[in-house]
Amino acid sequence: MLNSKIPQGSLENKWNDYKGHVKLVNPSNKRKLEIIIIGSGLAGASAASSLGELGYKVKVFCFQDSPRRAHSIAAQGGINAAKNYQNDGDSVFRLFYDTVKGGDYRAREANVYRLAEVSANIIDQCVAQGVPFAREYGGLLSNRSFGGTQVQRTFYAAGQTGQQLLIGAYQSLERQVALGNVTMYSRHEMLDIVKIDGKARGVICRNLITGQLERYFGHAVLLCSGGYGNVFYLSTNAMGSNATAIWKAHKKGAYFGNPCFTQIHPTCIPVSGDHQSKLTLMSESLRNDGRIWVPKKKDDKRRPSEIPEEERDYYLERRYPAFGNLVPRDVASRAAKERCDAGYGVGNSRMAVYLDYASAIERYGRGEAGKHHLENADADTITKLGKEVVKEKYGNLFDMYAKITGEDPYTTPMRIYPAVHYTMGGLWVDYELMTTVEGLYCLGEANFSDHGANRLGASALMQGLADGYFVIPYTIGNYMADEIRTAAISTDHPAFVEAEKEVSDRINALMNIKGSQSVESFHKQLGKIMWNKCGMARNEQGLKEAIEEIRQLKKEFWSDLRIPGGINELNNELDKANRVADFIELGELMCIDALHRRESCGGHFREEMQTEEGEALRDDEHFKYVATWEYKGDHEWKLHEEDLNFEVAKPTQRSYK
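It should be emphasised that the depicted structure is a prediction, and the values quoted were computed from it without experimental measurement. (Residues numbered from 1 in each chain as written. Predicted model: local features only at pLDDT ≥ 70, side-chain atom pairs only at ≥ 80, totals over all residues. Heavy atoms only, no water.)

Asks: Mind showing me how you'd approach the packing of aromatic side chains here?
Replies: A ring pair, where both rings are aromatic, is described by two values, the distance of the centres and the angle of the planes. With the rule as written, the count across this model stands at 28 aromatic pairs. Residues Phe 93 and Phe 96 carry aromatic rings whose centres are separated by 5.6 Å and whose planes lie at 55 degrees to one another, so their mutual orientation is tilted. Here Phe 93 and its partner Phe 96 are both found in helix α4 (residues 92-102), three residues apart, which amounts to about one turn of the helix. The class for Phe 93 is partly exposed, based on a relative accessible area of 41%. Each ring, one from Phe 398 and one from Tyr 410, has its centre 4.6 Å from the other, and the planes form 35 degrees; the classification is tilted. Note that Phe 398 is positioned in helix α11 (residues 379-405) and Tyr 410 in the loop between α11 and β15 (414-423), a separation of 12 residues in sequence. Each member of the pair, Phe 398 as well as Tyr 410, is classed as buried. Among the aromatic residues, those joined into a ring-pair cluster are Tyr 228, Trp 247, Phe 256, Tyr 631 and Trp 637. (Phe/Tyr/Trp six-rings, centres within 6.5 Å; stacked < 30°, edge-to-face > 60°. Helix = DSSP H or I, 4+ residues; strand = E, 2+ residues; numbered from the N terminus. Buried < 20%, exposed > 50% of the residue type's maximum accessible area, 1.4 Å probe, protein only.)

As structure tokens, this is what we get:
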């Protein structure tokens, strides 16, 4: 039976009441307790620095050569917080409601409200760390709009917000390393969880430089390893991003929540060919000022500058007048796909739409001309002034686009198309962020908890830092208070020996296949199955076919894989093989979950379940729950349902019109 541990009382008082009654660990006892953290991105670094500051003995592991290379660094557009600096009607409740509605009513109310509640503290924390958020002329922090909202609540640092936030968290982490409270292990990958008497008590890691397996004890283990978007092969994730940490935990008893809930981001540079292994994102913040359109005529091969205004279809503004270009990501992505599938796509592939900044440049230019008292400014002057404003707000994004495509986005509209970006599913956790394995916690994108079936833009950074800085320091004490009498367990314990042997046997099995196909080829095959049959749109027949194809691919993988090199050395192909083997199994569960959920909600779009206007059609009567899967064996999972009770945000058909 799933126990979400949601506190009693009114929604707005749950978190304060919880903090007021939670168990505490005194400072001298904290120094005796050890915590393992897997991942050094925003969730991992913020948790490590916070727990180190509290006095716990913390060990942090990342597979990169530095914590600063965590994929959080790639986030561009911003971080949400209910500060209401714009005085435009924002509030904690509004952020909470937008997030629940944006997730299509498939998130847990209590967790989402807590996230909205602590969001304002995150900004104060980061400003104190020196994060250089953009500021208005008068010195106040600036905000911009993101999809799914009608207020401006997104704080940003040009188009590199994730990088600046990660540097802040990294500095905080390194301070604790210098003080001796945190030990950092880079180039280490977690390959299994160690359980003793049903509790998570350590991990088995592979030193990626030497190839040696190493054992580490902890009174608790925190997984902060990010999402699993790379199951699709082509995604906006870093090439190294993987699902191995949470998948190993899943196979050791941690339930997996809503695995089919994956997000397709609407503003990605389109795929240019089969040579690609990585996609590049153009921040959603560009929808703040840009206008998205396609020609009104099918297969129109004219250049965008040759298409007059009256022959352009600003389809988001036409279909969703209340939100326009700022509809949520799932809505914008499906709308772009629909236009391209109908024959209105642009570019050589015809699988792209335009993101145009001409109107914004003119608007900003006229504003600047007014400030400079240039009453009769000509078009060239207005354009020049407007470009300068756009460059200040989005310059590095425009530069990135120009380098990748060879086109100037200031004069030619960007071409964009949806791509896999974020995963709302993840390990199931309760209100305290603990999984179904005692002592095993999961933070940030790696868990399922806050975004339902669709994440609103700029909420990933918010959740990662909220979990690390403001949630886990309280909730972990509730568990650790009962562990103060547990002495450190020797890594010679039989459970450690057995776990290491399992990992070693698997590595040897992979190396001894000695087949003919590379890891990359299997990953590509998996990605094509997932994108074609469990991607932007799913249907019953396609999902059933995908499950069978993935099972066949798994057999082929374990019989015809070729890994060059050896075990006890730096071997990137072996590292990838471990990860792809897990992706294949995860891909099967994702398709099983998508087949089971006979409704459309958020990023999960079943073609059989849609409104007459092509919007997602939920089935609250039968599917208002978290689909939580327990691993039972090869190709076998058991479903557990956590009912979602909405006391405040009553589910309605989403409308952004």
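There's plenty left to go through after this.
Asks: Looking at this model, I keep getting lost on helix α3 (residues 42-54). Mind explaining?
Replies: Residue pairs three or four apart in sequence face the same way in an α-helix, which turns once every 3.6 residues. The first and last C-alpha atoms of α3 sit 18 Å apart over 13 residues, in line with the 18 Å expected at 1.5 Å per residue. Burial runs high along α3: 11 of the 13 residues are buried. Taken together, the buried positions of α3 are Leu 42, Ala 43, Gly 44, Ala 45, Ser 46, Ala 47, Ala 48, Ser 49, Ser 50, Leu 51 and Gly 52. Tucked into the core, α3 has its buried residues touching β1 (34-38), β2 (57-61), α6 (161-179), β5 (182-185), β9 (220-223) and α12 (460-480). Backbone geometry just after α3 places Gly 55 at a positive phi near 115 degrees. (Expected span 1.5 Å × (residues − 1). Contact = heavy atoms within 4.5 Å.)

Asks: Is there a simple way to explain the sheet that holds strand β10 (residues 256-257) in this structure?
Replies: Either a parallel or an antiparallel arrangement is found when strands of a sheet pair, and the pairing is made through backbone hydrogen bonds. The antiparallel open sheet is built from four strands, whose spatial order is β16-β10-β18-β19. Here the strands that pair on one side only, and so sit at the sheet edges, are β16 (426-427) and β19 (636-643). In this structure, β10 lies alongside β16, joined through two bridges in antiparallel fashion. Note on β16: the bridge partner recorded for Phe 256 is Leu 427. (Pairing = 2+ DSSP bridges.)

Asks: I would appreciate a short explanation of the sheet that holds β2 in the present structure.
Replies: Here five strands make up an open sheet; going across it, the order is β5-β2-β1-β9-β17 and the pairing parallel. Each having just a single partner strand, β5 and β17 (440-442) make up the two edges of the open sheet. Mean inter-strand twist for the sheet, computed between neighbouring axes without regard to direction, equals 20 degrees. One ladder, built from five bridges, connects β1 with β2; its direction is parallel. (Axes fitted to C-alpha atoms, helices over the stretch in contact; angles between N-to-C directions.)

Asks: Would you take a moment to explain the environment of Arg 215 for this structure?
Replies: With respect to the element layout, Arg 215 can be found in strand β8 (residues 213-217). A sequence separation of 25 residues divides Arg 215 from Met 190, and the C-alpha atoms of the two residues are 9.8 Å apart. Discounting chain neighbours no more than four positions away, the residues touching Arg 215 are Val 203, Ile 204, Thr 491, Asp 492, Phe 496, Val 497 and Glu 500. Of note is the side chain of Arg 215, whose polar atom sits 2.8 Å from the backbone oxygen of Thr 491. (Polar contact = N/O pair within 3.5 Å; in protein donor to acceptor, adjacent residues only side chain to side chain.)

Asks: In this structure, what is going on with α12? I would like to understand it.
Replies: Maximal helix bending in α12 amounts to about 55 degrees, located at Val 471; proline Pro 473 follows within four positions. With 18 of its 21 residues buried, α12 lies for the most part within the structure. (Bend = angle between axes of the 7 residues up to and from the residue.)

Asks: Explanation requested: the pairing of strand β12 (residues 291-295) in the structure shown.
Replies: Regular strands place side chains that alternate from one sheet face to the opposite one. Of all five residues in β12, four are buried; the element is thus mostly enclosed. Pairing between β12 and strand β14 (residues 353-356): three bridges, direction antiparallel. Counted as the bridge partner of Trp 293 is Tyr 354 from β14.

Asks: Looking at this model, I keep getting lost on the domain arrangement of the chain. Mind explaining?
Replies: Where interface size is given, it is often the accessible area lost as the parts come together that is meant. Segmentation of the chain into domains returns domain 1 (265-420) and domain 2 (493-643). Spacing between the C-alpha centres of domain 1 and domain 2 amounts to 35 Å. Each partner contributes residues to the interface: domain 1 has 11 residues there, and domain 2 has 10 residues. Counting the surface lost from both domain 1 and domain 2, the interface buries some 830 Å², and carbon and sulfur atoms represent 56% of this. (Domains from an automatic or database assignment. Buried area = accessible area lost by both parts, 1.4 Å probe.)

Asks: Looking at this model, I keep getting lost on the pattern of salt bridges. Mind explaining?
Replies: Two side chains with opposite charge may pair up if their charged atoms get near one another. For the structure on display, the rule yields 62 salt bridges. A salt bridge links Glu 338 to Arg 319; its shortest N-O distance comes to 3.8 Å. Separated by 19 residues along the polypeptide, Glu 338 in helix α9 (residues 329-344) and Arg 319 in helix α8 (residues 315-319) bring together distant segments of the chain. Of the charged contacts, one joins Glu 362 and Arg 366 as a salt bridge, the two residues approaching to 3.2 Å between their closest N and O atoms. Of this pair, Glu 362 and Arg 366 are both found in helix α10 (residues 358-371), four residues apart, which corresponds to roughly one turn of the helix. For Glu 362, a relative accessible area of 39% corresponds to the partly exposed category. (Salt bridge = Lys/Arg side-chain N within 4 Å of Asp/Glu carboxyl O.)

Asks: Can you walk me through the pairing of β14 in this structure?
Replies: Neither face of β14 is left uncovered, since the one carrying Val 353 and Leu 355 and the one carrying Tyr 354 and Asp 356 both have all their residues buried. With three bridges connecting them, β14 and β15 associate as antiparallel partners. Looking at β15, one finds that Leu 355 is bridged to Met 414.

Asks: What's the story with unusual backbone geometry in this structure? I'm lost.
Replies: Trans peptide bonds make up the majority, and among non-glycine residues the majority have a negative phi. Of note, Asn 87 is a non-glycine position whose phi angle comes to about 55 degrees, a positive value. Note that Asn 87 resides in the loop between β3 (79-80) and α4. Of note in this structure, Asp 197 is not a glycine but carries a positive phi near 55 degrees. Following the sequence through the fold, Asp 197 ends up in the loop between β6 (188-196) and β7 (199-207).

Asks: I keep staring at the packing of helix α14 (residues 519-534) against helix α16 (residues 572-596) and nothing clicks. Help me out?
Replies: When two helices pack together, their arrangement is captured by the angle between the axes and the distance separating the axes. Contact geometry for α14 and α16: axes closest at 10 Å, N-to-C directions at 20 degrees. Taken as axis vectors, α14 and α16 run roughly parallel relative to one another. Note on packing geometry: the crossing formed by α14 with α16 is left-handed. Contact residues: α14 offers Val 519, Glu 520, His 523, Leu 526, Met 530 and Cys 534, while α16 offers Glu 573, Lys 576, Ala 577, Val 580, Phe 583, Ile 584, Gly 587, Met 590, Cys 591 and Ala 594. Of the residues contributing to the contact of α14 with α16, the split by class is 11 nonpolar, two polar and three charged. (Parallel < 35°, antiparallel > 145°, perpendicular 65-115°, else oblique. Left-handed = near helix turned anticlockwise from the far one by under 90°. Nonpolar A, V, L, I, M, F, W, Y, C, P; charged D, E, K, R; others polar.)

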